[in-house]
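Descriptive analysis of the structure
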Amino acid sequence: METIHAKFAALLASCRYIAPENQENITKIADKIGPMDRDTYLAFLSLWKASYKALTTEIRLLRSKRKGGTPEAEKAISDAAAKTTDARAMMLLRHALKDLARRHAREKTAEAV
């Protein structure tokens, strides 16, 4: 069975070059995630939060290094751009998780009626 970390990494890689503005793309990612139980969902969400917080901290630290026109500054600029792309992919993944939670809530409501 695939671990949560491996699934998270695979989904993040598939989200990297997808436009997050399109609801159709969010639905496709949510379909890739598939149904999961509550504990798995919460573990996945916790992993997402910790990863996103670490990534945004790295982006923030790179901000001061991007000035000066030196080779180090050029590297910091390219690193920040790559990390920003990763952050956008993570937000797409988060939107897909929310979509998955909404689907689950709709199914539970339909079952109750």
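Relevant structure appears above.
This text gives an overview of the structure that appears in the document. (Residues numbered from 1 in each chain as written. Predicted model: local features only at pLDDT ≥ 70, side-chain atom pairs only at ≥ 80, totals over all residues. Heavy atoms only, no water.)

**Focus: the packing of helix 1 (residues 4–15) against helix 2 (residues 23–33)**
Just so we agree on the cut-off: The axes used here are C-alpha line fits, helices contributing only the stretch in contact, and every angle between their N-to-C directions lies in the interval 0 to 180 degrees. Only DSSP runs of H or I with at least four residues qualify as helices, and only runs of E with at least two residues qualify as strands; both kinds are numbered from the N terminus onward. Roughly parallel here means an angle under 35 degrees, roughly antiparallel means over 145, roughly perpendicular means 65 to 115, and every remaining angle is called oblique. Two helices that cross are described as forming a left-handed crossing if the nearer one is turned anticlockwise from the farther one by less than a right angle, and a right-handed crossing if clockwise. Should any heavy atoms of two residues lie within 4.5 Å, those residues are counted as being in contact.
Running from N to C, helix 1 and helix 2 point in directions that differ by 160°, and their axes come no closer than 11 Å. The orientation of helix 1 with respect to helix 2, classified from their angle, is roughly antiparallel. In terms of crossing hand, the pair formed by helix 1 and helix 2 is right-handed. Across from Lys 7, Leu 11, Ser 14 and Cys 15 in helix 1, the residues of helix 2 making contact are Ile 29, Lys 32 and Ile 33.

**What to know about the nonpolar core**
As a reminder of what qualifies: In this text, buried Ala, Val, Leu, Ile, Met, Phe, Trp, Tyr and Cys residues form a nonpolar core when linked through side-chain atoms within 4.5 Å. Think of it in three bands: residues with accessible area under 20% of the maximum for their type are buried, residues over 50% are exposed, and the middle band is partly exposed, with areas taken using a 1.4 Å probe on protein chains only.
Within the largest apolar cluster, 24 residues are counted, with the highest numbers of intra-cluster contacts made by Phe 8, Ile 29, Ile 33 and Leu 93. Elements with a contribution of two residues or more to this core: helix 1, helix 2, helix 3 (38–63) and helix 4 (71–112). The leading source of residues in this core is helix 4, at 8 residues. Not counting chain neighbours up to four residues away, the residues in contact with Ile 33 comprise Lys 7, Leu 11, Leu 93, Ala 96, Leu 97 and Leu 100.

**Some details on the packing of helix 1 against helix 3**
Definition in use: Basically, the charged four are Asp, Glu, Lys and Arg, the nonpolar ten are Ala, Val, Leu, Ile, Met, Phe, Trp, Tyr, Cys and Pro, and anything else, Gly included, counts as polar.
Direction vectors running N to C along helix 1 and helix 3 enclose 60°, while the axes themselves pass 10 Å from each other. With respect to each other, helix 1 and helix 3 are oriented oblique. For the pair helix 1 and helix 3, the crossing hand works out as right-handed. Contact with helix 1, carried on its side by Ile 4, His 5, Lys 7, Phe 8 and Leu 11, involves Thr 40, Ala 43, Phe 44, Leu 47, Trp 48 and Ser 51 of helix 3 and no other residues of that element. Along the lines of polarity and charge, the residues of the contact of helix 1 with helix 3 split into 7 nonpolar, 3 polar and 1 charged.

**Describing a positive patch on the surface**
Using the following cut-off: The patches reported here contain residues having more than 30% relative accessible area and no salt bridge. Joining distances are 9 Å for like charges and 5 Å for nonpolar side chains (Val, Leu, Ile, Met, Phe, Trp, Tyr). Accessible areas in this description were obtained via Shrake-Rupley with a 1.4 Å probe; residue shielding takes into account the shown protein chains only. When a carboxyl oxygen of Asp or Glu lies within 4 Å of a side-chain nitrogen of Lys or Arg, that pair is called a salt bridge. When charges are counted, Lys and Arg are positive and Asp and Glu negative, with His and the chain ends excluded. Note that the charge is assigned to NZ on lysines, CZ on arginines, CG on aspartates and CD on glutamates.
Taken together, the side chains of Arg 60, Arg 63, Arg 66 and Lys 67 present a region of like positive charge at the surface. Of note, Arg 60 is situated in helix 3. Of the residues examined, Arg 60 reaches a relative accessible area of 47% and is grouped as partly exposed.

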